[in-house]
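If you want the building blocks of each chain, they are given just below.
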Amino acid sequence: MTEQFLCNAMETHGDTVYRLALCRMQNTADAEDVYQDVFLRLLQQTADWDAEHMKAWLIRATLNRCADLHRFRRRRPVLALEDIPELARPADDSAAGLWDAVARLPEKLRTAVHLHYAEGYSTEEIAALLGVPAATVRTRLHRARRQLKDLLGGMDDE
């Protein structure tokens, strides 16, 4: 890989990698470590991918690195959405309360919600990225929506 290729990849997919790492780690320092490690690993790759394969590889590498850090590090305290840099905040400030609630979900549910709603992946694509059946992803999304409804005080007909 060339330096220019790496710069293009970071410019194109850097936000996705960072947001996913922040979603999983809920700590800016760890998210930055994951971001750096993922792009260093990309620099070491010899494969020549198209844009979609590279994005999928980056997401999978991010998920793997987050899992590694969870195994080998003691987790730091969870940050409130207000303490997270603007990059992690949704473009629509009216949805900030919703994303605050998403941040309180368990990691597996939070990851499914982030990949589906923030990154736009289908349940089948998420299943392939996470290495679980598509039905599991749909169940996680259903449970996440139910927990979000409870957290946000939604009514039965909402």
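Now for a description of the structure that goes with this document.

What counts, and where the lines are drawn
- Residues numbered from 1 in each chain as written.
- Predicted model: local features only at pLDDT ≥ 70, side-chain atom pairs only at ≥ 80, totals over all residues.
- Heavy atoms only, no water.
- Helix = DSSP H or I, 4+ residues; strand = E, 2+ residues; numbered from the N terminus.
- Patch = residues over 30% accessible without salt bridge, like charges linked within 9 Å, V, L, I, M, F, W, Y side chains within 5 Å.
- Areas by Shrake-Rupley, 256 points an atom, 1.4 Å probe, with all protein chains shown as cover.
- Salt bridge = Lys/Arg side-chain N within 4 Å of Asp/Glu carboxyl O.
- Axes fitted to C-alpha atoms, helices over the stretch in contact; angles between N-to-C directions.
- Parallel < 35°, antiparallel > 145°, perpendicular 65-115°, else oblique.
- Contact = heavy atoms within 4.5 Å.
- Nonpolar A, V, L, I, M, F, W, Y, C, P; charged D, E, K, R; others polar.
- Expected span 1.5 Å × (residues − 1).
- Buried < 20%, exposed > 50% of the residue type's maximum accessible area, 1.4 Å probe, protein only.
- Polar contact = N/O pair within 3.5 Å; in protein donor to acceptor, adjacent residues only side chain to side chain.

## Things to note about unusual backbone geometry
Stage number 1. A positive phi angle is found at Gln26, which is not glycine, with a value near 55°.
Stage number 2. By the secondary structure assignment, Gln26 is in the loop between α1 (3-25) and α2 (28-44).

## Comments concerning a nonpolar patch on the surface
Stage number 1. A surface patch of nonpolar side chains, amounting to about 250 Å² of accessible area, comprises Leu98, Leu151 and Leu152.
Stage number 2. Counting through the fold element by element, Leu151 comes out in helix α7 (residues 134-152).

## What to know about the packing of helix α6 (residues 123-130) against α7
Stage number 1. With their axes 8 Å apart at the nearest point, α6 and α7 run at an angle of 110° to one another. Considered as vectors, α6 and α7 are oriented roughly perpendicular to each other. Residue-level contacts link Thr123, Glu124, Ile126, Ala127 and Leu130 of α6 to Ala134, Val137, Arg138, Arg140 and Leu141 of α7.
Stage number 2. Its residues assigned to classes, the contact of α6 with α7 shows six nonpolar, one polar and three charged.

## As for helix α3 (residues 51-72)
Stage number 1. Helix length check: α3 (22 residues) gives 31 Å between terminal C-alpha atoms against 32 Å at 1.5 Å per residue, within 8%.
Stage number 2. Of the residues making up α3, those classed as buried are Met54, Lys55, Leu58, Ile59, Ala61, Thr62, Leu63, Arg65, Cys66, Asp68 and Leu69.
Stage number 3. Considering only its buried residues, α3 is in contact with α1, α2, α5 (107-118) and α6.
Stage number 4. If you check the start of α3, you find a side-chain oxygen 3.3 Å away from the backbone N of Glu52, and it comes from Asp50.

Purely geometric numbers; function is a separate question.
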